[in-house]
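Each chain is listed here by its residues.
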Amino acid sequence: HVQLVESGGGSVQVGGSLRLSCAAAGAQYIYGSACMGWFRQAPGQEREAVAGIDSNGSTRYDDSVAGRFTISRDNARNTLYLQMNGLTPEDTAMYYCAARRSPVCGPLYTYWGQGTQVTVS
């Protein structure tokens, strides 16, 4: 029933920046109470975690993006963000927003968006 919609993807040059956003449709309370995360998947490859943020705003990042990407949430606007700087071709992938039915971050996520494509060249 809960729907997550990503936006902000596109094609950029190496070293460029993008900001992804994720908005909820239905059950908007999850943005204030749930752990949220960003994942990415390249064609033919396994989905991998990029960043997560719990209900208190505590964040964690994959080593491949630490120092370049910043995850944040605006609970008043029910929106999740991923600021991406210093993009490289290795960042090219479909990026997905996800949410857990828990304020604590963990390995399993319940809700997923449709994805937004990021291409760096």
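Presented here is a report on the structure given in the accompanying data block. Here the residue numbers are simple positions, counted from 1 along each chain's written sequence. Side-chain atom pairs in this predicted model are given and counted only at pLDDT of 80 or more, local residue features only at pLDDT of at least 70, and totals for whole chains, interfaces and linings cover all residues. Remark: hydrogens and water are excluded; side-chain values derive from all non-hydrogen atoms of the structure.

Examining the environment of glycine 57
Heads up, the rule is: In DSSP terms, a helix is any run of H or I states spanning at least four residues, a strand is any run of E spanning at least two, and both are numbered starting from the N terminus. Throughout this description, buried means an accessible area under 20% of the type-specific maximum (1.4 Å probe, protein chains only), exposed means over 50%, and partly exposed covers the range between.
Structurally, glycine 57 is set in the loop between strand E5 (48-53) and strand E6 (59-61). Take glycine 57: its relative accessible area is 37%, and that puts it in the partly exposed class. On a C-alpha basis, the gap between glycine 57 and arginine 73 in space is 7.5 Å, while along the polypeptide they are 16 residues apart.

A few points about the pattern of salt bridges
Our working rule: The rule for a salt bridge is simple: a side-chain nitrogen of Lys or Arg has to be within 4 Å of a carboxyl oxygen of Asp or Glu.
Scanning the entire structure with this criterion turns up four salt bridges. Note that arginine 40 and aspartate 91 form a salt bridge whose closest N and O atoms lie 3.0 Å from each other. In this pair, arginine 40 sits in strand E4 (residues 36-41) while aspartate 91 sits in the loop between strand E8 (79-84) and strand E9 (93-99), placing the two residues 51 residues apart along the sequence. Of the two residues, arginine 40 and aspartate 91, both sit in the buried class. In this structure, the salt-bridge partner of aspartate 74 is arginine 77, at a minimum N-O distance of 3.6 Å. Put simply, Arg40, Glu48, Arg68 and Asp91 are held in one network by salt bridges that share partners.

Considerations on unusual backbone geometry
The phi dihedral of asparagine 78 falls on the positive side, at around 55°, and the residue is not glycine. Note on placement: asparagine 78 falls in the loop between strand E7 (69-74) and E8. Of the residues examined, asparagine 78 reaches a relative accessible area of 17% and is grouped as buried.

Overview of the sheet that holds strand E3 (residues 18-25)
Spelled out, the test is: We treat two strands as partners when DSSP finds at least two bridges between them. Each axis is a line fitted through C-alpha atoms, taken for helices only over the stretch in contact, and angles between the N-to-C directions span 0 to 180 degrees.
Strands sit in the order E1-E3-E8-E7 across an open sheet of four strands; the sheet is antiparallel. A strand with exactly one partner marks an edge of an open sheet, and here the two such strands are strand E1 (3-7) and E7. Between one strand axis and the next, the sheet turns by 15° as a mean value, whatever way the strands run.

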